[in-house]
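Coordinates in review
Here is how the chains run, residue by residue.
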Amino acid sequence: MCVACLWTSADRCFQRQGCRRQQLDCGKMGLSTIVKDPALFTSGSVGLHNESTLRFRMIQLHRPTDAKELAFHESLDCCSSSRQVLRLLRTMEIMSDTMAAAVLHRVADLEQAGDSLKDPTVLEKDAIRALCFQLEQDSERLTDAGLVSALLACTRLFVDPWSTLVVRLVSESQERLDKGQMSVGLLCTLGQAMLALEGPGCGMLEQLMEQVQRQEPAQWSLADLSAVYKLLQDGVGEAGHYQDLLNAMHAHAMSVTSRMDPTVVSGVLSALVVLNQTHAMPLVIGLCKQAVRHVPHFTDRELELVLGALMHFGHSDHYFIEAMERHVPKMAFNSDPETVTKVMQYFGRRNILSLPVFDAVAESFVYRADDYSTSQVARQIMPFGKLGYLPPNAGQLFRKVEAVLHARFSHFQPRTLLNLLHSCILVERYPVNFVAKVFNSYFLQQLQEIDTRVDRIALAQLTQLYMTVKLECPFYKGPRLHPKYRVKSFLSLGRSLETAVDGHLYNCVKTGLVDLLGSRVYFASKVLTPYCYTLDVEIKLDEEGYVLPASHIDDVFKRIALCIDGQNRFTVGKVNLLGKEAIKQRHLRLLGYEVVQIQYQEFDKLQGKSEIVEYLHQKIFPHSYRLSW
């Protein structure tokens, strides 16, 4: 019996010229735990080496059968704690090197918490130390797959980059890389490890990417394609590097989207976002179509990635929306809060008012809001305001919002709080109990501290919030908003509290108004009122109902505000004004304007000059006869 390796399951000593120097001609190596010999160890003891740890040794045996390896991985996946992983590890007599690396990966899955481990002492456990010691000593005999997987596992476990284990694994990986025989998948695994160790400027990364580029993407498997996307996404493809490779990958991905599973679909979409592949819209559309099939099967995280990508690229698909409408009512009560929030963000960003989705989320919010973060609370409520929709349980919903505000007001970030309160007023829910706190100098100072000055959209929200309590809450007696925090116009470039008028629709209406009124002087366009709102068209009347020239200032008895509402002022596919347009028209009426709404759905049906003039006459002067000019 060899004392160095004891008797193993090979039933003989395999040492020749020193156990550590043996060159094994084997692409399939196994790891075996040492079996305690009763003649050498007392009861209850284990075989110890100099490091006082269990020893694992490489033996010249065939790998475990595929069935045994699959069973092991299934058992490993079922482990819910590191203790269970270690218990499973101690039951194994023979393991392949890839199985050993899988053990380390599973421990990383269970222990990773940001940039550290929940329990760093897990690396001091005898079984883990023995496993790492074996990998260190036998690095030259590991298979390519076992080698790069073990190295990646070390980076995930935050093993010291200068430890003997990592140095030996890196050195051996370099030697294998120099031979140029690694597959694309293994190159990507090695790339992930080197990214974690040295960052995107690593020389080994450049070398392995040269080998990746020499291969033809059209010949890659889906796993290889996904792995290269992930590697580029994680930093290798930054600053537009490897764009030619990406273009070839996009072309191949287009041809295989129908075979992609939920993980690959979400992974590729996420990579396209990070790499900002805005020119790859055909691929995005194809992936969205494939995502329709997988909506019920996405994990929460995968669904978040898909929705985030579709928001980034500004894409929505009718069939995807229908699939979400079937899925969301089933998941709203039990999915991760961030996933439900991302669903609402997607529908809000795309201006899609889906009653099944909004109603389901409104119901779940009443029961789950106490477990949401303040950001999640605000982001779930904001789409209701943006799309101007009140669900059937609106009373319960906003009572819950008020309860959350009362309980956690000080926990809200200033901008988050302002967004939430502003969303409430868009649907005629008035947060009077909290407005006074928003208008005080302390809150306004907090807003400034974020970016040295309050940005224009925040000032516009404050102004509209103040206008709302003055116009719609006459009982409000709290502090006023200081004039220096008020804007003069709600209309601005980019994000705005008003939607600019549709140019084509405006020109058609303008021509009709000239025909109706007899001259262009009788109406004004794009008029900024003293109340911050911009009127698409303003018509002035005297006390007897006659139209006055637009330049007339005196003797104005009535002002008519024409709201020329194009498609961009409504939710997608429904005759439902956006919240910011609804509040504008509501405020204009309270300010004394007669609001006349010209909707694109009605106007587009008109044919010819006479129909347009007649339509405008009925809209603007419904109780008077029309004169012929």
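Residues numbered from 1 in each chain as written. Predicted model: local features only at pLDDT ≥ 70, side-chain atom pairs only at ≥ 80, totals over all residues. Heavy atoms only, no water.

With that settled, consider the overall build of the chain. Check the secondary structure of the chain and you find 26 helices and 10 strands. Buried positions account for 53% of the 629 residues belonging to the chain. When the accessible area of the chain is evaluated, it comes to approximately 29,900 Å², of which 51% is carbon and sulfur surface. (Helix = DSSP H or I, 4+ residues; strand = E, 2+ residues; numbered from the N terminus. Buried < 20%, exposed > 50% of the residue type's maximum accessible area, 1.4 Å probe, protein only. Areas by Shrake-Rupley, 256 points an atom, 1.4 Å probe, with all protein chains shown as cover.)

Geometrically, a pair of aromatic rings is defined through the distance of the ring centres and the angle of the planes. Applying the stated criterion across every chain, the model contains 11 aromatic pairs. Pairing Phe 409 with Phe 434 gives two aromatic rings, centres 5.8 Å apart and planes at 15°, and the pair type is stacked. Residue Phe 409 is found in the loop between α18 (394–408) and α19 (414–426), and its partner Phe 434 is found in helix α20 (residues 432–439); the two are separated by 25 residues along the sequence. Clustering of aromatic rings is evident, with ring pairs tying together Phe 320, Tyr 346 and Phe 347. Residue placement shows Lys 437 over the ring face of Phe 409; its charged tip is 4.6 Å from the ring centre. (Phe/Tyr/Trp six-rings, centres within 6.5 Å; stacked < 30°, edge-to-face > 60°. Lys NZ or Arg CZ within 6 Å of the ring centre and 35° of its normal.)

Now for the nonpolar core. Ranked by internal contacts, the top residues of the largest apolar core, which has 172 residues, are Tyr 229, Phe 320 and Phe 439. Setting aside residues no more than four positions away along its own chain, Phe 439 makes contact with Leu 444, Leu 462, Leu 465, Tyr 466, Val 469, Tyr 476, Pro 479, Arg 480 and Leu 481. Ranked by size, the runner-up nonpolar core spans 26 residues in total, among them Val 501, Leu 513, Val 537 and Leu 562. (Core = buried A, V, L, I, M, F, W, Y, C linked by side-chain atoms within 4.5 Å. Contact = heavy atoms within 4.5 Å.)

Further remarks concern unusual backbone geometry. A positive phi angle, near 50°, is found at Lys 526, a position not held by glycine. For Lys 526, the position within the fold is in strand β6 (residues 524–528). Here Lys 526 falls in the exposed class, since its relative accessible area comes to 54%. In this structure, Asp 555 takes a positive phi of about 60° despite not being glycine. Along the chain, Asp 555 falls in the loop between β8 (547–548) and β9 (558–565).

With that out of the way, let us pick up the packing of helix α5 (residues 144–156) against helix α6 (residues 164–179). For the pair α5 and α6, interaxial distance at closest approach is 10 Å and the crossing angle is 140°. Here α5 lies oblique to α6, going by the angle between them. Judged by the sense of rotation from one axis to the other, the crossing of α5 with α6 is left-handed. Residues Asp 144, Leu 147, Ala 150, Leu 151 and Cys 154 of α5 touch α6, and the partners they reach there are Leu 165, Val 166, Leu 169, Val 170, Glu 172, Ser 173 and Arg 176. Residue composition of the contact of α5 with α6, by class: 8 nonpolar, 1 polar and 3 charged. (Axes fitted to C-alpha atoms, helices over the stretch in contact; angles between N-to-C directions. Parallel < 35°, antiparallel > 145°, perpendicular 65-115°, else oblique. Left-handed = near helix turned anticlockwise from the far one by under 90°. Nonpolar A, V, L, I, M, F, W, Y, C, P; charged D, E, K, R; others polar.)

If you add up the space inside the largest pocket, you get close to 600 Å³. Together, 24 residues line the largest pocket, and Leu 152, Gln 192, Ser 226, Ala 227 and Lys 230 are the ones closest to its centre. For the lining of the largest pocket, the secondary structure elements donating two or more residues are α3 (97–111), α5, α7 (184–198), α9 (222–236) and α11 (262–274). (1 Å grid on protein atoms, 1.4 Å probe; cavity = no way out; pocket = protein on both sides within 12 Å on 5 of 7 lines; lining within 4 Å. Points joined across faces, edges and corners; volume = space filled by probe spheres on them.)

Residue placement: Thr 416 occurs in helix α19. Under the relative-accessibility criterion, Thr 416 is labelled buried at 19%. Once you skip the residues sitting within four places of it in the chain, Thr 416 turns out to touch Thr 374, Ser 375 and Ala 378.

The next subject is the pattern of salt bridges. One pass over the full model with this rule turns up 18 salt bridges. For Asp 109, the salt bridge is made with Arg 156, and the minimal N-O distance between the two is 2.5 Å. Taken together, the residues Asp 109 in helix α3 and Arg 156 in helix α5 connect sequence positions 47 residues apart. Of the charged contacts in the structure, one is a salt bridge between Arg 586 and Glu 472, with a shortest N-O distance of 3.0 Å. Separated by 114 residues along the polypeptide, Arg 586 in helix α24 (residues 579–590) and Glu 472 in helix α22 (residues 456–472) bring together distant segments of the chain. (Salt bridge = Lys/Arg side-chain N within 4 Å of Asp/Glu carboxyl O.)

This next bit is on helix α8 (residues 203–213). Every buried residue of α8 is listed here: Met 204, Leu 205, Leu 208, Met 209, Gln 211 and Val 212. For α8, the angular spread of the buried residues around the axis is 155°, confining them to a single face. Against α6, α7, α9 and α10 (243–256) lie the buried residues of α8. (Arc of directions from axis to C-beta.)

Model confidence for the chain is summarised by a mean pLDDT of 87, while 89% of its residues fall at 70 or above. Considering each helix and strand of the chain separately, the mean pLDDT is smallest for strand β1 (residues 30–33), with a value of 36, and largest for helix α17 (residues 374–386), with 98. Confidence over residues 1–53 falls short of pLDDT 50; this stretch has 103 contacts with residues more than four positions distant or in other chains. Every residue in residues 55–60 scores below 50 in pLDDT, and together they form 42 contacts with partners more than four places removed in sequence or on other chains. (pLDDT = per-residue confidence, 0-100.)

We now examine the pairing of β9. β9 sits mainly inside the fold: 6 of its 8 residues count as buried. Across 6 bridges, the pairing between β9 and strand β10 (residues 594–599) is parallel. Within the sheet, the bridge partner assigned to Asp 565 lies in β10 and is Gln 599. Following the backbone out of β9, through α24 and into the adjacent parallel β10, one traces a crossover that is right-handed. (Pairing = 2+ DSSP bridges. Right-handed = clockwise from strand over helix to strand, strands pointing away.)

What follows covers helix α12 (residues 281–294). Look at α12: 20 Å from first C-alpha to last across 14 residues, which is about the 20 Å you get at 1.5 Å a residue. Buried within α12 are the following residues: Leu 283, Val 284, Gly 286, Leu 287, Cys 288, Gln 290, Ala 291, Val 292 and His 294. In this structure, the buried residues of α12 make contact with α9, α10, α11, α13 (300–313) and α14 (318–331). (Expected span 1.5 Å × (residues − 1).)

What follows covers a positive patch on the surface. On the surface, a cluster of positive charge is made up of Arg 83, Arg 87, Arg 90 and Lys 125. For Arg 87, the location among the structural elements is in helix α2 (residues 82–90). (Patch = residues over 30% accessible without salt bridge, like charges linked within 9 Å, V, L, I, M, F, W, Y side chains within 5 Å. Lys, Arg positive; Asp, Glu negative; His and termini not counted. Charge placed at Lys NZ, Arg CZ, Asp CG, Glu CD.)

So, on to the environment of Tyr 430. Mapped onto the secondary structure, Tyr 430 falls in the loop between α19 and α20. Taking the C-alpha atoms as reference points, Tyr 430 and Val 469, separated by 39 residues in sequence, lie 7.5 Å from one another. Of the polar contacts made by the side chain of Tyr 430, one reaches the side chain of Glu 472; its length is 2.4 Å. (Polar contact = N/O pair within 3.5 Å; in protein donor to acceptor, adjacent residues only side chain to side chain.)

Right, let's get into the environment of Asp 244. Its location among the elements puts Asp 244 in helix α10. Expressed as a C-alpha distance, the spacing of Asp 244 and Gln 213, which sit 31 residues apart in the sequence, is 9.2 Å.

Further remarks concern the pairing of strand β7 (residues 534–541). Among the 8 residues in β7, 8 count as buried, and that is most of the element. In this sheet, β7 lies alongside β6 in antiparallel orientation, the contact comprising 4 bridges. Bridging from a neighbouring strand, Ser 525 pairs with Val 537 of β7. The loop that links β6 with its antiparallel partner β7 comprises 5 residues; one of these, Cys 532, has a positive phi angle of about 80°. With 5 bridges connecting them, β7 and β9 associate as antiparallel partners.

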